[in-house]
Amino acid sequence: MHCLRFLCRLLGKGRHHHRDHDQDNPNAVILQLPLDLLLLITDQLALHDKFLLSHTCKTLRQVTCQDWAIEVSRLSFEDQIGFWAGLAYSLPNRWACLKCCQLHPIDTSDVPRAYWAISARDVPCTVDMSRGVEIEAYSVQHYHVQFALKLSRLGNIHRRYLKALMKPYTCTRKSPIPPLAESYTAEPRIINKRFILREEWKFRNNTSSAIPIFPDEHDLFPSVCPHMDMLYGGPARSRFRKESSIRQMGMRQLEEHVLLKEVTLLEEGIASACESPGQWIFNSCLHCATDIAVMISTDEREGTIRAWHDFGIEGSPMDISWKAHVRDQHAYWLDLGPYLDYPHGSIRELWLEGASHGTGTGQSTLRSVFKKPIDGLSKV
Ligand SMILES: [Zn+2]
Ligand SMILES: [Zn+2]
């Protein structure tokens with residue numbers, strides 16, 4: 001509760017100012033309400049709002065008087081995180097840490113592109129292994145999302161940090177498979193008060209040699225989200241290995257079929273793109289808010305994988321809109337967690353509003369193949 005005492009002191013400084021203000025304006029409308037009516041109103045407030053209200057003036061402090069340390073310790077873990085996240089919403093220099101269950105101060109050098117520095121920092125709270133894009137040295141954390149949304153909402157503080165948080169990132173490199181070349185781009189945007197990240201991986205063959213743009217011999221391919229990644233090797237090999245692992249689980253045939261479809265969306269997308277050069281193949285994760293699109297150019301010299309992630313609105317790191325994107329390090333790789341209900345394709349549409357993206361046929365094809373076994377399973 002050290003953090004809470006610190007906050008009380010911090011807010012207490014402002015309180016003296018407000019106390020004077022209160023004395024100067026004893027006719028403030030809210031203070032004219034009968035006490036029982038005022039209590040009816042404050043009883044409706046979340047604990048973090050009561051905490052902040054209690055530090056605005058002497059009278060309201062008396063109305064909302066509580067032992068905050070005891071009140072907070074009585075909350076469930078999830079509600080305690082909600083309390084800190086609620087306070088962080090109002091405090092521009094703080095963020096709520098899920099691992100320490102308290103607030104931490106802002107560090108304006110901590111941005112998604114500084115992943116390697118952040119992950120090596122000497123604090124008890126390590127970063128969330130979100131989506132596996134850490135291999136790209138670019139990793140959006142929950143507090144990045146929260147600071148970006150909060151500073152964007154406030155509009156008048158830490159402008160430079162907000163700009164750094166929202167800066168697109170590009171990395172171009174030689175592929176481990178010559179003569180292929182690779183590039184990775186990440187671009188965050190705030191749309192409708194939601195934090196949306198678009199990622200793009202490009203694979204190019206800049207020579208006259210005819211080699212597959214998505215070769216099967218190497219572990220090359222991106223982890224698009226915790227639920228869409230390759231299990232060793234390229235698409236065909238990865239699919240084969242996943243199928244073999246699922247067979248060993250002794251499930252019913254329908255369940256095997258559903259699980260294989262679920263864990264091979266990326267492989268299926270790439271396979272469909274290879275069959276139809278020049279056409280975007282669309283799909284969406286069933287477990288986190290991520291839309292994907294895959295295309296091979298008509299000359300088959302360039303392959304593109306795009307992902308659009310919706311990290312949600314301002315809130316707690318316990319919210320499913322964030323948690324769904326975080327890899328559970330302890331879970332078995334075939335345990336993909338709960339299904340997430342969101343309109344598939346909506347994140348891409350939100351991003352591309354007004355822009356033309358072609359009319360890929362893959363989305364409807366893959367979806368219909370996929371939906372039937374899911375519907376079937378729910379009736380079993
Ligand atoms: Zn922490
Ligand atoms: Zn996912």
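Residues take numbers from 1 onward in each chain, read along the sequence in its written order. Written order decides the labels, with chains lettered from A and ligands numbered from 1. Whole-chain, interface and lining totals are the exception, using all residues; otherwise, since this is a predicted model, local features are given only for residues with pLDDT of at least 70 and side-chain atom pairs are given and counted only at 80 or more. Hydrogens and waters are ignored; side-chain quantities use all the structure's heavy atoms.

A closer look at the overall build of the chain
Only DSSP runs of H or I reaching four residues or more are called helices, and only runs of E reaching two or more are called strands; each is numbered from the N terminus. If you tally the helices and strands in the chain, you get 15 helices and 8 strands. Here the open area of atoms and residues is found with the Shrake-Rupley method and a 1.4 Å probe, where only the protein chains shown may cover a residue. Element-wise, carbon and sulfur atoms account for 54% of the exposed surface of the chain, whose accessible area totals about 19,100 Å².

Focus: the UniProt feature "domain: F-box" (unreviewed entry) in the chain
UniProt positions are given in the numbering used here, feature names are shortened, and annotations may be inferred rather than shown by experiment. The sites that carry the UniProt feature "domain: F-box" (unreviewed entry) are, in the present numbering, residues 30–64. Secondary structure content for residues 30–64 is 63% helix and 0% strand, and the end C-alpha separation is 14 Å.

Remarks on the coordination of the zinc ion (ligand 2)
Note that water is not among the atoms considered, so a metal site may appear incomplete; the donors listed are N, O and S atoms within 2.8 Å of the metal, with 3.2 Å applied to Na, K and Ca. Ligation of the zinc ion (ligand 2) by protein atoms is provided by Cys225 (SG), His227 (ND1), Cys285 (SG) and Cys288 (SG), these donors lying 2.1 to 2.3 Å from the ion. For the zinc ion (ligand 2), the 4 donor atoms are set out with angles of 98 to 117 degrees between them, so the coordination reads as tetrahedral. All donors of the zinc ion (ligand 2) belong to a single chain; written as a sequence motif, their spacing is C-x1-H-x57-C-x2-C. Cys288 shares its class with Cys285; the two are buried. The geometry test gives tetrahedral to four donors whose angles all lie between 85 and 135 degrees, gives square planar to four donors and octahedral to six donors whose opposite members are over 155 degrees apart with all other angles between 65 and 115, and gives irregular to the rest. Each residue gets one of three labels from its accessible area relative to the maximum for its type: buried under 20%, exposed over 50%, partly exposed in between, using a 1.4 Å probe on protein chains only.

Some details on the sheet that holds strand β7 (residues 290–296)
DSSP-based pairing: two strands are paired if at least 2 bridges between them are found. Pairing is antiparallel across the open sheet formed by 6 strands, whose spatial order is β3-β4-β5-β8-β7-β6. Either end of the sheet is taken by a strand with one partner, and the two such strands are β3 (169–174) and β6 (281–284). On average, each strand axis in the sheet is tilted by 10 degrees relative to the strand beside it, whichever way the strands run. Where β3 meets strand β4 (residues 180–191), 6 bridges bridge the pair, whose relative direction is antiparallel. All axes here are fitted lines through C-alpha atoms, helices being fitted over the stretch that makes contact, and every angle between N-to-C directions spans 0 to 180 degrees.

A word on helix α6 (residues 77–90)
The terminal C-alpha atoms of α6 lie 21 Å apart, and with 14 residues this matches the ideal 20 Å at 1.5 Å per residue to within 8%. Residues of α6 that are buried: Gln80, Ile81, Phe83, Trp84, Ala85, Gly86, Leu87 and Ala88. To estimate the expected span of a helix, subtract one from its residue number and multiply by 1.5 Å.

Examining the side chain of Asp110
Along the chain, the position of Asp110 falls in the loop between β2 (102–105) and α7 (115–119). The class for Asp110 is buried, based on a relative accessible area of 5%. By the criterion applied in these results, polar contacts are pairs of N or O atoms within 3.5 Å in which, for protein atoms, one can donate a hydrogen and the other can accept it, and in which residues neighboring in sequence qualify only through two side-chain atoms. There is a polar contact of 2.8 Å between the side chain of Asp110 and the side chain of His144.

Concerning the packing of aromatic side chains
Only Phe, Tyr and Trp rings are paired, with Trp represented by its six-membered ring, and only when their centres lie within 6.5 Å; those with planes under 30 degrees apart are stacked, over 60 edge-to-face, the remainder tilted. According to the stated counting rule, one finds 12 aromatic pairs in the structure shown. A centroid spacing of 5.1 Å and a plane angle of 85 degrees characterise the contact between Phe51 and Trp68, whose relative ring orientation is edge-to-face. With a gap of 17 residues between them, Phe51 in helix α3 (residues 47–54) and Trp68 in helix α5 (residues 68–74) connect regions that are remote in the sequence. Trp68 carries the same exposure label as Phe51, and that label is buried. Ring geometry for Phe147 versus Tyr161: centroids 5.8 Å apart, planes at 70 degrees, classification edge-to-face.

A few points about the confidence of the model for the chain
Averaged over every residue, the pLDDT of the chain is 82; residues scoring 70 or more account for 81%. Along the chain, pLDDT gives the predictor's confidence residue by residue, from 0 to 100. Per-element averaging of pLDDT across the chain places helix α15 (residues 362–379) at the bottom with 37 and helix α9 (residues 159–165) at the top with 97. Contacts are assigned to residue pairs with any non-hydrogen atoms lying within 4.5 Å of each other. Segment residues 14–24: pLDDT under 50, and 10 contacts once partners within four positions in sequence are set aside and those in other chains are kept. Contacts of residues 354–380 to residues separated by more than four positions or lying in other chains number 45 contacts, the stretch itself having pLDDT below 50.

Regarding empty space enclosed by the protein
Here a cavity denotes a set of grid points, spaced 1 Å apart and computed over the protein atoms alone, in which a 1.4 Å probe fits but from which it cannot get out, and a pocket denotes an open set meeting protein on both sides within 12 Å along at least five of seven lines; residues with an atom within 4 Å of a point are reported as lining. Grid points are joined across faces, edges and corners, and a volume is the space filled by probe spheres set on the points. Applying the stated criterion to the full structure yields 2 cavities of 30 Å³ or more. By volume, the largest cavity amounts to about 130 Å³. The wall of the largest cavity is formed by 14 residues, among which Trp95, Leu98, Lys99, Asp128 and Tyr143 lie closest to the centre. For the lining of the largest cavity, the secondary-structure elements that each account for two or more residues are β1 (94–97) and α8 (142–154). For the lining of the largest cavity, the element with the most residues is β1, which contributes 3 residues. Basically, the charged four are Asp, Glu, Lys and Arg, the nonpolar ten are Ala, Val, Leu, Ile, Met, Phe, Trp, Tyr, Cys and Pro, and anything else, Gly included, counts as polar. The residue makeup of the lining of the largest cavity, split by class, is 8 nonpolar, 3 polar and 3 charged.

Details of the environment of Ile296
Among the structural elements, Ile296 can be located in strand β7. In this structure the C-alpha to C-alpha distance between Ile296 and Ser272, which are 24 residues apart in sequence, comes to 9.6 Å. Not counting residues up to four positions away in its chain, the partners in contact with Ile296 are Ile213, Phe214, Ala273, Cys274, Pro277, Gly278, Gln279, Glu302 and Gly303.

Re unusual backbone geometry
Most peptide bonds take the trans form, and the phi angle of most residues other than glycine is negative. Backbone geometry at His158 places phi at a positive 50 degrees, although glycine is not the residue there. Mapped onto the elements, His158 comes out in the loop between α8 and α9. Relative accessible area serves as the criterion here: at 25%, His158 is assigned to the partly exposed category. A positive phi is found at Asn192, a non-glycine position, where the angle reads about 50 degrees. Tracing the backbone shows Asn192 in the loop between β4 and β5 (194–205).

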